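Single-letter residue listing:
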Amino acid sequence: MGELKHFFHEHKLILNEAESVVSKDVDCAMCRQPINKLIDAFYTCNTTATDGCSSSNCAGFFLHKTCSELPSTFTHPMIPQHPLSLIARPYRKQLLYPCNACGGLSQGFMYVSENRFFCLKCVASQLKFLEDRILRHQGHKHPLTLVQTAALLLCHACNTTAIDLSYICTICSFWMHKSCADAPITYQCKYHNQHTLILAYSLPQEYRKFYWNCGVCSKIINPVYWVYYCANCRFFAHLKCAASSSVMLSESNDDEADSGESKLMQFPAHDKESLYKMMQQCIMKATNALHNSATTTETSPHIDCWGHEHQLELGNKLEDTELLICNGCTKPISLVNEIFYECNSCNYFLHRSCAQFPKRIEHHLAGNLVANKLKEFSIFKCGGCLILSNGIFMFNETAKFDIGCASLPRTIKHKGHRHPLNQLKYPDDDNFCKACWSVTADEKEIMMYGCEKCGFYIHTRCALRPHLVKHRWDPHPLYLILFPKNVADHPHEFDCEFCSEQINPNAWFYHCNACDLSFHGSCIDPYYRLSNVKFGATNISSEALPHQHGLTMILNKKKQRCKICGEDVAGLPVLECSPCKYVVHTHCFF
């Protein structure tokens, strides 16, 4: 049994945990309330007069354990300038002392300061209240004190401002909403119901290599503040967003969705073939908008196109195994279901919509644009997608677009964002692309797609990436991952198979679940920036740089040096004479 030396009694007291040692009903010496010998823990003094006790007999002294824990002094919030002392008032059954706090009458012990009296019950209640006000939370290193008056404050846990009860740290001025302090360590979130989320009091160190978007509101996660996360799915959510009742998910259609969104062109395209068809639809729509629709629907056997010196004839329907590339948009021509025109003497081909494309258009971002056609071995960079091309382009003094980008719709719908995306001028500030998480520092595009309401921007070339691609390193198709949680149960990093660098899971990337292979969007096709260049032009010559044989335009994949400037030409378009092993950059040649 435990022993206690209490300041009120001269002998050691023995603790009895509700043992049946009391033969009759007794009262506590401090509060004068009965002790329930079957329920209450209490102290007793068993010292008798023969043991040297100055009193006649201490065997009748009993003390509630709760009363024994009351302090000898106490500072009451009502009179903080006058500390209270616990004293024993003269005890007579008929003598009662009024409490200045509750007005009740007490016998015996009271807390006293000058002419103020407080009963034991009121002091015990105040001590319990003060104990409840002190919080030791794992999210902060110091004890926190509850401020029971609701106030408007910026919470250092969730980084939001709200009117709430709060906890404050008097050592370092840390503030926290009481609702944040009560947040559970694990949480089943309706926005991510595959796994239980875990509360972290700052972003775990292993995830700090990249920025992360909140899976609910799409805004950046600040690594300093509390966050709910799922390690398996790389899902992160702000503390308040995880518990939000409103639908804010970036993948979902919210209440603001307009029924007209269904009429918008939907991205990403399913695959490359689908993308080519969508681009042709854009070009055809731009053509129809500036021509009489009857003109564009007629299929004339011959056509005069400003982009070619010879009259073009209606193309023959050949076997689908043959590959023809349009000299206008530089995309394949389907020989089964597409109408096209050709010049047999020049190996020159045009989709019908490209052949009828107007020579002048008014672009809402770039103004008046005029069409032009370079020599087939000359290359320009499109200001819409920054992809090189040698097809037909529209230009003025400040802009240059291939006809595909010049025809793209002003507004599209993309699965990567809940709102429609509008075609915008590239922002002056460094708003990074939410698809590839990069900012083009040296040469910005003229246009991009974005939602100004959410601060969501993506490059035009990123918007055009298809949902499904094939790669020779994987027998399965690879899918475009728009959100990290789309690859469930994948706690380890995504490493690009091509460049071996770690992939930012927030960026759009390609992944095969079956083989666990991943590629950066820019690495899935290393020659993507040349995807709009039509190679194969032959018999190219120049009076300034004569060569005994005609040259052919190819994509050089070998390590060679340009015969003119001496620089490496690996991975670049070049003019080649295969018999002479002669290669030159296209820009060096002319």
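The shown structure was predicted, so the numbers you read here are calculated from the model rather than taken from an experiment.

Here's the deal with the overall build of the protein
Turning to step 1, where the next piece is worked out: When helices and strands are tallied, the protein shows 10 helices and 42 strands.
Turning to step 2, where the next piece is worked out: When burial is assessed residue by residue, the protein has 48% of its 590 residues classed as buried.
Turning to step 3, where the next piece is worked out: Long-range pairs, those at least 24 residues apart, make up 53% of the contacts in the protein between residues at least 6 apart in sequence.
Turning to step 4, where the next piece is worked out: Here the protein has roughly 30500 Å² of accessible surface; of this, 51% comes from carbon and sulfur atoms.

Brief notes about the pattern of salt bridges
Turning to step 1, where the next piece is worked out: In total, this model carries 3 salt bridges according to the counting rule given.
Turning to step 2, where the next piece is worked out: Residue Glu69 pairs with Lys65 through a salt bridge whose shortest N-O separation is 2.8 Å.
Turning to step 3, where the next piece is worked out: In this structure Glu69 comes out as exposed when scored by relative accessible area, which is 53%.
Turning to step 4, where the next piece is worked out: Residues Lys178 and Asp182 are paired through a salt bridge, measuring 3.0 Å at the closest nitrogen-oxygen approach.
Turning to step 5, where the next piece is worked out: Relative accessible area serves as the criterion here: at 25%, Lys178 is assigned to the partly exposed category.

Considering the packing of aromatic side chains
Turning to step 1, where the next piece is worked out: Enumeration over the complete set of coordinates arrives at 14 aromatic pairs.
Turning to step 2, where the next piece is worked out: Between Phe380 and Phe393, the ring centres sit 4.7 Å apart and the planes meet at 45°, which makes this aromatic pair tilted. Taken as a pair, Phe380 in strand β28 (residues 380-381) and Phe393 in strand β30 (residues 392-395) lie far apart in primary sequence, 13 residues in all.
Turning to step 3, where the next piece is worked out: A relative accessible area of 4% places Phe380 in the buried class.
Turning to step 4, where the next piece is worked out: Phe393 sits in the buried class, given a relative accessible area of 3%.
Turning to step 5, where the next piece is worked out: Counting every residue linked through ring pairs, the aromatic cluster contains Tyr207, Trp212, Tyr229 and Phe236.
Turning to step 6, where the next piece is worked out: The aromatic ring of Tyr528 is capped on one face by Arg465, whose charged end is 4.5 Å from the ring centroid.

A closer look at the side chain of Glu342
Turning to step 1, where the next piece is worked out: Here Glu342 shows up in strand β24 (residues 340-343).
Turning to step 2, where the next piece is worked out: If we ignore the near neighbours within four places in the chain, the residues touching Glu342 are Leu312, Glu313, Leu314, Gly315, Asn316, Tyr348 and Phe349.

So, the environment of Tyr97
Turning to step 1, where the next piece is worked out: Assignment of secondary structure puts Tyr97 in strand β7 (residues 97-98).
Turning to step 2, where the next piece is worked out: Residues Tyr97 and Phe118, 21 residues apart in the sequence, show an inter-C-alpha distance of 9.2 Å.

Brief notes about the sheet that holds strand β39 (residues 517-520)
Turning to step 1, where the next piece is worked out: A sheet is described by the order of its strands in space; here 4 strands give the open sequence β36-β37-β38-β39, paired in antiparallel fashion. Two strands bound the open sheet, and with one partner strand each, they are β36 (468-471) and β39. Across the sheet, the mean angle from the axis of one strand to that of its neighbour is 30°, orientation sign disregarded.
Turning to step 2, where the next piece is worked out: Summarising the sheet, strand β38 (residues 509-512) and β39 pair through 4 bridges and their orientation is antiparallel. In the sheet register, His511 faces β39, and the bridge partner there is Ser518.

Examining the pairing of strand β26 (residues 360-363)
Turning to step 1, where the next piece is worked out: Residues Ile361 and His363 line the buried face of β26, whereas the alternating positions Arg360 and Glu362 sit on a face that is not buried.
Turning to step 2, where the next piece is worked out: As paired elements, β26 and strand β27 (residues 367-373) share 4 bridges and run antiparallel to each other. Residue Arg360 lies in a different strand from β27, and its bridge partner there is Val370.

Looking at the side chain of His64
Turning to step 1, where the next piece is worked out: Along the polypeptide, His64 turns up in strand β4 (residues 61-64).
Turning to step 2, where the next piece is worked out: Non-local contacts of His64, meaning those with residues more than four positions away in its chain, are made with Cys28, Cys31, Gln33, Pro34, Ile35, Asp40, Ala41 and Phe42.

A closer look at the environment of Cys189
Turning to step 1, where the next piece is worked out: Structurally, the position occupied by Cys189 is in strand β15 (residues 186-189).
Turning to step 2, where the next piece is worked out: Judged by its relative accessible area of 1%, Cys189 falls in the buried class.

Section: the sheet that holds strand β18 (residues 235-238)
Pairing between the strands of a sheet is mediated by backbone hydrogen bonds and can be parallel or antiparallel.
Turning to step 1, where the next piece is worked out: Taken together, 4 strands build an open sheet; the order of strands is β15-β16-β17-β18 and the sheet is antiparallel. The outermost strands of the open sheet, each flanked by one partner alone, are β15 and β18. Neighbouring strand axes in the sheet, compared pairwise and without regard to direction, differ in orientation by 30° on average.
Turning to step 2, where the next piece is worked out: Examined bridge by bridge, strand β17 (residues 227-230) and β18 share 4 bridges and lie antiparallel to one another. Across the sheet, Val227 pairs through a bridge with His238, a residue of β18.

A word on a negative patch on the surface
Turning to step 1, where the next piece is worked out: Together, Glu206, Glu493, Asp495, Glu497, Glu501 and Asp516 make up a region of like negative charge exposed at the surface.
Turning to step 2, where the next piece is worked out: Examined against the element boundaries, Glu497 turns out to sit in the loop between β37 (474-481) and β38.
Turning to step 3, where the next piece is worked out: Relative accessible area serves as the criterion here: at 35%, Glu497 is assigned to the partly exposed category.

A word on the confidence of the model for the protein
Turning to step 1, where the next piece is worked out: Per-residue pLDDT for the protein averages 83, and the proportion of residues at 70 or more is 88%.
Turning to step 2, where the next piece is worked out: Within the model, the stretch residues 250-257 combines pLDDT values under 50 with 17 contacts to residues more than four positions away or in other chains.

Some points on unusual backbone geometry
Turning to step 1, where the next piece is worked out: The linkage connecting Phe267 with the following residue, Pro268, adopts the cis geometry, with an omega of 5°.
Turning to step 2, where the next piece is worked out: Phi angles above zero are rare outside glycine, and Arg32 is one such case at about 60°.
Turning to step 3, where the next piece is worked out: Look at Asn159: it is not a glycine, yet its phi comes out positive at around 60°.
Turning to step 4, where the next piece is worked out: Summarising the element assignment, Asn159 is placed in the loop between β12 (144-154) and β13 (161-168).

A few points about the nonpolar core
Turning to step 1, where the next piece is worked out: In this structure, Leu312, Leu350, Met394, Phe401, Ile403, Leu408 and Ile458 are the most contacted members of the largest nonpolar core, which totals 74 residues.
Turning to step 2, where the next piece is worked out: Residues within four places of Ile458 in sequence aside, it is in contact with Leu421, Cys433, Lys434, Ala435, Met448, Tyr449, Ala463 and Trp508.
Turning to step 3, where the next piece is worked out: Residues Leu135, Leu153, Met176 and Cys233 belong to the second largest nonpolar core, which totals 38 residues.

Points about the state of the cysteines
Turning to step 1, where the next piece is worked out: Enumeration over the complete set of coordinates arrives at 0 disulfides.
Turning to step 2, where the next piece is worked out: The structure places no disulfide on Cys189, whose sulfur is separated from the nearest cysteine sulfur, that of Cys214, by 8.7 Å.
Turning to step 3, where the next piece is worked out: We note that Cys496 lacks a disulfide partner, and the nearest cysteine sulfur, in Cys499, lies 3.7 Å from it.

Some words on helix α2 (residues 120-133)
Because the α-helix completes a turn every 3.6 residues, residues three or four places apart line up on one side.
Turning to step 1, where the next piece is worked out: Under the 1.5 Å per step criterion, the end-to-end length of α2 is 20 Å for 14 residues, consistent within 8% with the ideal 20 Å.
Turning to step 2, where the next piece is worked out: Those residues of α2 that sit buried are Leu120, Cys122, Val123 and Gln126. Buried positions in α2, seen along its axis, are confined to an arc of 165° and lie on one side of it. Those residues of α2 that are exposed and angled more than 90 degrees off the buried face are Lys121 and Glu131.
Turning to step 3, where the next piece is worked out: Each element contacted by the buried residues of α2 is listed here: β5 (73-74), β6 (84-88), β9 (109-113) and β10 (116-118).

Thresholds applied
- Residues numbered from 1 in each chain as written.
- Predicted model: local features only at pLDDT ≥ 70, side-chain atom pairs only at ≥ 80, totals over all residues.
- Heavy atoms only, no water.
- Helix = DSSP H or I, 4+ residues; strand = E, 2+ residues; numbered from the N terminus.
- Buried < 20%, exposed > 50% of the residue type's maximum accessible area, 1.4 Å probe, protein only.
- Contact = heavy atoms within 4.5 Å.
- Areas by Shrake-Rupley, 256 points an atom, 1.4 Å probe, with all protein chains shown as cover.
- Salt bridge = Lys/Arg side-chain N within 4 Å of Asp/Glu carboxyl O.
- Phe/Tyr/Trp six-rings, centres within 6.5 Å; stacked < 30°, edge-to-face > 60°.
- Lys NZ or Arg CZ within 6 Å of the ring centre and 35° of its normal.
- Pairing = 2+ DSSP bridges.
- Axes fitted to C-alpha atoms, helices over the stretch in contact; angles between N-to-C directions.
- Patch = residues over 30% accessible without salt bridge, like charges linked within 9 Å, V, L, I, M, F, W, Y side chains within 5 Å.
- Lys, Arg positive; Asp, Glu negative; His and termini not counted.
- Charge placed at Lys NZ, Arg CZ, Asp CG, Glu CD.
- pLDDT = per-residue confidence, 0-100.
- Core = buried A, V, L, I, M, F, W, Y, C linked by side-chain atoms within 4.5 Å.
- Disulfide = S-S within 2.5 Å.
- Expected span 1.5 Å × (residues − 1).
- Arc of directions from axis to C-beta.

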